[in-house]
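# Breakdown of the fold
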Amino acid sequence: MNLLRLYKRRRIFKETPEPRGKIKLKKGKKLIFVVHDHYARRHHHDLRLEHGGVLKSWAIPKLIPANKSEQLKKRLAVQTEDHPYEYKSFKGTIPEGHYGAGKVKIWDRGKYTPLEFQNNKIIFIAKGKKLNGDYCLIKFKGQDKNWLFFRKK
Ligand code: MN
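Residues numbered from 1 in each chain as written. Predicted model: local features only at pLDDT ≥ 70, side-chain atom pairs only at ≥ 80, totals over all residues. Heavy atoms only, no water.

## Let's talk about the coordination of the manganese ion
Distances from the manganese ion to its protein donors, namely His38 (ND1), His44 (NE2) and Asp46 (OD), fall within the range 2.1 to 2.2 Å. Sequence positions of the donors to the manganese ion reduce to the motif H-x5-H-x1-D. For the pair His44 and Asp46, a shared accessibility class is recorded, and that class is buried. (Donors = N, O, S within 2.8 Å, 3.2 Å for Na, K, Ca; no water. Buried < 20%, exposed > 50% of the residue type's maximum accessible area, 1.4 Å probe, protein only.)

What follows is the structure in structure tokens.
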């Protein structure tokens, strides 16, 4: 679902420190990515790519390894609701009883260049400290939310 509807529906902004946010279309082509460390019920990473004024988001249950050769292995990436652009700098603790309760930290962030950005295939060059190089997100055929994420050689 697009345009932050689901993001807003899932949160009570008086009670969570997360940004309410809005769609933010910028001029120019400098796009950002962020990977959050999310210590929810289960520790996972959240990969977020700026696109169309929001952050397209995927949860990566098995975590992205910091080691570049380990990043060549494919990992499941489960698409989650679009997040507002302001979420790029969010860190903090989502309180108990709330959606995504737990501590959120920034694992890595930087600029990225999309080489291909389609509904079922995204190829991009990331310029971060840990995510650095060419990466692929490929959607499983006939599935709603499941993608594969890996670094290209
Ligand atoms: Mn998460």
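## Some thoughts on a nonpolar patch on the surface
Together, Leu3, Ile23 and Leu25 make up an exposed nonpolar region whose accessible area comes to about 330 Å². The residue Ile23 is located in the loop between α1 (5-9) and β1 (31-39) in this model. (Patch = residues over 30% accessible without salt bridge, like charges linked within 9 Å, V, L, I, M, F, W, Y side chains within 5 Å. Areas by Shrake-Rupley, 256 points an atom, 1.4 Å probe, with all protein chains shown as cover. Salt bridge = Lys/Arg side-chain N within 4 Å of Asp/Glu carboxyl O. Helix = DSSP H or I, 4+ residues; strand = E, 2+ residues; numbered from the N terminus.)

## Some thoughts on a positive patch on the surface
A cluster of basic side chains, namely Lys8, Arg20, Lys22 and Lys24, defines a positive patch on the protein surface. If you trace the backbone, Arg20 turns up in the loop between α1 and β1. Take Arg20: its relative accessible area is 52%, and that puts it in the exposed class. (Lys, Arg positive; Asp, Glu negative; His and termini not counted. Charge placed at Lys NZ, Arg CZ, Asp CG, Glu CD.)

## Some words on the pairing of strand β3 (residues 54-60)
Most of β3 sits out of view: 7 of its 7 residues are buried. Pairing geometry for strand β2 (residues 43-51) and β3, over 7 bridges, is antiparallel. The residue of β3 that forms the bridge with Arg48 is Ser57. Where β2 hands over to β3, the hairpin turn is made up of 2 residues, of which Gly52 adopts a positive phi near 60 degrees. In this structure, β3 lies alongside strand β4 (residues 75-84), joined through 5 bridges in antiparallel fashion. Note on β4: the bridge partner recorded for Ala59 is Val78. (Pairing = 2+ DSSP bridges.)

## Looking at the packing of aromatic side chains
What the rule picks out here adds up to 7 aromatic pairs. Between the aromatic rings of Tyr7 and Phe13, the centroid separation amounts to 6.0 Å while the plane-to-plane angle is 35 degrees, which identifies the pairing as tilted. The buried category is assigned to Tyr7, whose relative accessible area is 0%. Relative to Phe90, the ring of Tyr87 has its centre 5.0 Å away and its plane inclined at 45 degrees; by these criteria the two rings are tilted. A single burial state applies to Tyr87 and to Phe90, both of which are buried. These aromatic residues form a ring-pair network of at least three members: Tyr7, Phe13, Tyr87 and Phe90. Positioned over the ring face of Phe150 is Lys74, at 4.8 Å from the centre of the ring. (Phe/Tyr/Trp six-rings, centres within 6.5 Å; stacked < 30°, edge-to-face > 60°. Lys NZ or Arg CZ within 6 Å of the ring centre and 35° of its normal.)

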